[in-house]
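A structural walkthrough
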Amino acid sequence: MLLVLEEEHKEHLLFLTHVDLDVVREFCRISLEFIRKGITPKVYQTAGQKLGVDADTVQHGVEGLMYLLTESAKLMVNEIDFQDSIMTLGFSEELKQELLTQYVDSRKEIRSILSEMAMDLPHYHNLEWRFDVQIASRSLRRQINPLVLLKLHIEDSGERNTHVLQTDPTNLVHLTNVLDQALQEMKSAHCRRIVRNIK
């Protein structure tokens, strides 16, 4: 699976073509450190002074590397696809090889860090349902009152909770339609872009 980079990220990574391989290694080390422990803006100023460029350029370069490494690790991009993904950036062969080495060496660690950062939300475990129809009572002999009883089992951090819900078929059909619309909207390009940026 190829990693598709937006123009902004390509511009940020373009800075790496103008620096030595040792500087790229240092940027990769800083990127991995920031992924592990969080961003420290002071590092940008120090690196910018050493290279003779402004701190924003260094920040964009490091953030571009962080994005490249985290997205590649998140999507489980293999070595060949990683090389193909960065081929369009105009990097030298040594730079491509260095980025590939850094990615392969840190891929598992980045994935474990990303999995720790993921929110553990309650999720579906099981659903039991029953359809009840009341066809008569003492006061009304010919009434039809359908009900759907749902027993929803949810798992939250290893703990299971049970919720009992009751609804009529009309509301259940409406609920199904609304959920189906939400699923269809999640397939749109706009929502996929937002979800990608959240992850």
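Residues numbered from 1 in each chain as written. Predicted model: local features only at pLDDT ≥ 70, side-chain atom pairs only at ≥ 80, totals over all residues. Heavy atoms only, no water.

Details of the sheet that holds strand E1 (residues 123–134)
The sheet built from three strands is open, its strands ordered E1-E2-E3 with antiparallel pairing. The sheet is open, and its two borders are formed by E1 and strand E3 (159–167), each paired with just one other strand. Across the sheet, the mean angle separating the axes of adjacent strands is 15° when strand polarity is ignored. The strands touched by helix H7 (residues 169–186) are E1, strand E2 (145–156) and E3; relative to E2, the strand with the most contacts, the crossing angle is about 45°. (Pairing = 2+ DSSP bridges. Helix = DSSP H or I, 4+ residues; strand = E, 2+ residues; numbered from the N terminus. Axes fitted to C-alpha atoms, helices over the stretch in contact; angles between N-to-C directions. Contact = heavy atoms within 4.5 Å.)

Let's talk about the pairing of E2
Pairing geometry for E1 and E2, over eleven bridges, is antiparallel. Following the sheet pairing, Glu 128 is matched in E2 by Lys 151. Alignment of E2 against E3, held across nine bridges, turns out to be antiparallel. Residue Lys 151 lies in a different strand from E3, and its bridge partner there is Val 164. Linking two consecutive strands that pair antiparallel, namely E2 and E3, is a turn of two residues; a positive phi of about 55° is found at Ser 157 within it.

Re the packing of helix H2 (residues 21–37) against helix H3 (residues 41–51)
Look at H2 against H3: their axes get within 12 Å of each other, and the N-to-C directions meet at 175°. Regarding the angle of H2 to H3, the classification is roughly antiparallel. Contacts between H2 and H3 involve Val 23, Phe 27, Ile 30 and Phe 34 from the first element and Val 43, Tyr 44 and Leu 51 from the second. (Parallel < 35°, antiparallel > 145°, perpendicular 65-115°, else oblique.)

Thoughts on a nonpolar patch on the surface
Together, Trp 129, Phe 131, Val 133, Ile 135 and Ile 144 line one region of the surface with nonpolar side chains, adding up to about 610 Å² of accessible area. As for its placement among the helices and strands, Ile 135 is situated in the loop between E1 and E2. (Patch = residues over 30% accessible without salt bridge, like charges linked within 9 Å, V, L, I, M, F, W, Y side chains within 5 Å. Areas by Shrake-Rupley, 256 points an atom, 1.4 Å probe, with all protein chains shown as cover. Salt bridge = Lys/Arg side-chain N within 4 Å of Asp/Glu carboxyl O.)

Some remarks on the pattern of salt bridges
By the definition in use, this model includes twelve salt bridges. Between Arg 25 and Glu 98 there is a salt bridge; the shortest N-O distance is 3.2 Å. Of this pair, Arg 25 sits in helix H2 while Glu 98 sits in helix H6 (residues 93–117), and the two are 73 residues apart along the sequence. When the shortest N-O distance is used, the salt bridge between Arg 29 and Glu 26 registers 2.5 Å.

Regarding the confidence of the model for the chain
Fine structural detail should not be taken from predicted coordinates in areas where pLDDT scores are low. Per-residue pLDDT for the chain averages 85, and the proportion of residues at 70 or more is 97%. Across the chain, element-level confidence peaks in E3 with a mean pLDDT of 93 and bottoms out in helix H8 (residues 189–198) with 77. (pLDDT = per-residue confidence, 0-100.)

Re the packing of aromatic side chains
Tallied over the entire structure, the rule returns three aromatic pairs. Seen in terms of ring centroids, Phe 34 and Tyr 44 are 5.6 Å apart; in terms of plane orientation they differ by 90°. Their pairing is edge-to-face. Linking Phe 34 in helix H2 with Tyr 44 in helix H3, this pair joins segments that are ten residues apart in sequence. Accessibility assignment for this pair places Phe 34 and Tyr 44 in one class, buried. (Phe/Tyr/Trp six-rings, centres within 6.5 Å; stacked < 30°, edge-to-face > 60°. Buried < 20%, exposed > 50% of the residue type's maximum accessible area, 1.4 Å probe, protein only.)

Concerning H6
End to end, H6 covers 34 Å across 25 residues, agreeing with the expected 36 Å (1.5 Å per residue, within 8%). Remark: the principal bend of H6, roughly 50°, maps to Ser 106. Inspection of H6 places Leu 95, Lys 96, Glu 98, Leu 99, Leu 100, Gln 102, Tyr 103, Ser 106, Arg 107, Ile 110 and Ile 113 among the buried residues, and these make up the whole buried set. On its buried side, H6 packs onto H2, helix H4 (55–74) and helix H5 (79–87). (Expected span 1.5 Å × (residues − 1). Bend = angle between axes of the 7 residues up to and from the residue.)

Quick word on the environment of Gln 97
Examined against the element boundaries, Gln 97 turns out to sit in helix H6. Note: C-alpha distance between Gln 97 and Glu 26 (71 residues apart in sequence) is 15 Å.

Quick word on the packing of helix H1 (residues 7–14) against H4
Contact geometry of H1 with H4 gives a least axis separation of 8 Å together with a crossing angle of 120°. The orientation of H1 relative to H4 falls into the category oblique. As for how H1 packs across H4, the hand of that crossing is left-handed. Contacts between H1 and H4 involve His 9, His 12 and Leu 13 on the former and, on the latter, His 60, Gly 61, Gly 64, Leu 65, Tyr 67 and Leu 68. The class makeup of the residues in the contact of H1 with H4 is four nonpolar, five polar and no charged. (Left-handed = near helix turned anticlockwise from the far one by under 90°. Nonpolar A, V, L, I, M, F, W, Y, C, P; charged D, E, K, R; others polar.)

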